[in-house]
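Below, each chain spelled out in residue letters.
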Amino acid sequence: MTTNGPARAEIRWLLTPDIEPESYVPEDPERFVFLVQMIAGPAGEAGEESFQFEVCSPGWLREQARSGPVSGRHYVIVDRFDWPALRAYFDRLVAGCTGADWSEVAAKLSRYGLWEFEDYRA
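Residues numbered from 1 in each chain as written. Predicted model: local features only at pLDDT ≥ 70, side-chain atom pairs only at ≥ 80, totals over all residues. Heavy atoms only, no water.

Student: So what exactly am I meant to see when it comes to the pairing of strand β3 (residues 49-56) here?
Tutor: Remember that side chains alternate between the two faces of the sheet whenever the strand is regular. Summarising burial for β3: six of the eight residues are buried, a large majority. Note: strand β2 (residues 33-42) against β3, eight bridges, orientation antiparallel. Residue pairing across strands places Q37 opposite Q52, the latter belonging to β3. Following β2, the chain reverses through six residues before pairing antiparallel with β3; G44 in that reversal takes a positive phi of roughly 75°. The pairing of β3 with strand β6 (residues 114-115) spans two bridges and is classified as antiparallel. Note on β6: the bridge partner recorded for Q52 is L114. The pairing of β3 with strand β4 (residues 75-77) spans three bridges and is parallel. From the neighbouring strand, V55 faces β4, where its bridge partner is V76. (Buried < 20%, exposed > 50% of the residue type's maximum accessible area, 1.4 Å probe, protein only. Helix = DSSP H or I, 4+ residues; strand = E, 2+ residues; numbered from the N terminus. Pairing = 2+ DSSP bridges.)

Student: Could you clarify how one ought to interpret the environment of G47 in this entry?
Tutor: Residue placement: G47 occurs in the loop between β2 and β3. Each C-alpha atom of the pair G47 and D82 lies 29 Å from the other, and the pair is 35 residues apart in sequence.

Student: I keep staring at helix α3 (residues 102-109) and nothing clicks. Help me out?
Tutor: Because each turn of an α-helix spans 3.6 residues, side chains separated by three or four positions end up pointing in the same direction. Within α3, the full set of buried residues consists of W102, V105, A106 and L109. Taken around the axis of α3, the buried residues stretch over an arc of 95°, which confines them to a single face. Those residues of α3 hidden inside the fold are in contact with β1 (7-15), β2, β3, α2 (83-95), β5 (98-99) and β6. Two or three places before S103, at the opening of α3, D101 has a side-chain oxygen 3.3 Å from that residue's backbone nitrogen. (Arc of directions from axis to C-beta. Contact = heavy atoms within 4.5 Å. Polar contact = N/O pair within 3.5 Å; in protein donor to acceptor, adjacent residues only side chain to side chain.)

Student: What exactly am I supposed to notice about the environment of G113 here?
Tutor: Here G113 shows up in the loop between α3 and β6. Distance from G113 to F53, taken between C-alpha atoms, is 5.1 Å for residues 60 residues apart in sequence.

Student: It is not clear to me how the nonpolar core should be interpreted in this structure. Could you clarify?
Tutor: Soluble globular proteins tend to bury their nonpolar side chains together. In this structure, F34, M38, F51, L86, F90, W102 and L109 are the most contacted members of the largest nonpolar core, which totals 27 residues. Of all the secondary structure elements, the ones that give two or more residues to this core are β1, β2, β3, α2 and α3. In terms of residue count, the dominant contributor to this core is α2 (five residues). L109 has contacts with A9, M38, F51, L93, V94, C97 and W102, leaving out every residue within four places of it along the chain. (Core = buried A, V, L, I, M, F, W, Y, C linked by side-chain atoms within 4.5 Å.)

Student: Sorry if this is basic, but what is going on with the pattern of salt bridges here?
Tutor: Pairing is possible between side chains that carry opposite charge, provided their charged atoms lie close to one another. Evaluation of the coordinates by the stated rule reveals seven salt bridges. For R12, the salt bridge is made with E10, and the minimal N-O distance between the two is 2.5 Å. The exposure class of R12 is partly exposed, given its relative accessible area of 21%. Using a relative accessible area of 34% as the deciding quantity, one classes E10 as partly exposed. (Salt bridge = Lys/Arg side-chain N within 4 Å of Asp/Glu carboxyl O.)

Take a look at the structure:
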């Protein structure tokens, strides 16, 4: 399906191998981290690609920084675990990334999550 407007992404799935999002309660609500894999593709079209995010609390991040600087790229920092709020965050993130085509949209999404094709050279 081709549109005359800018290309947009849509989330196909949000997956996490580390937790059960609907029932997860962090053992320590001040210090936690888990992986979220967002599978997204061009809105209304076939195809999908993976973007990975580490969701963490400030306490976990502070603990990591004790041994030196930590890059913030591909991290989503939350004060508390709230799966519906995270879902809304990812929905807003995807809605805000538009471009001339899917490659441009995916490149914008890769600023936030680790894109499976990041640094890929054909």
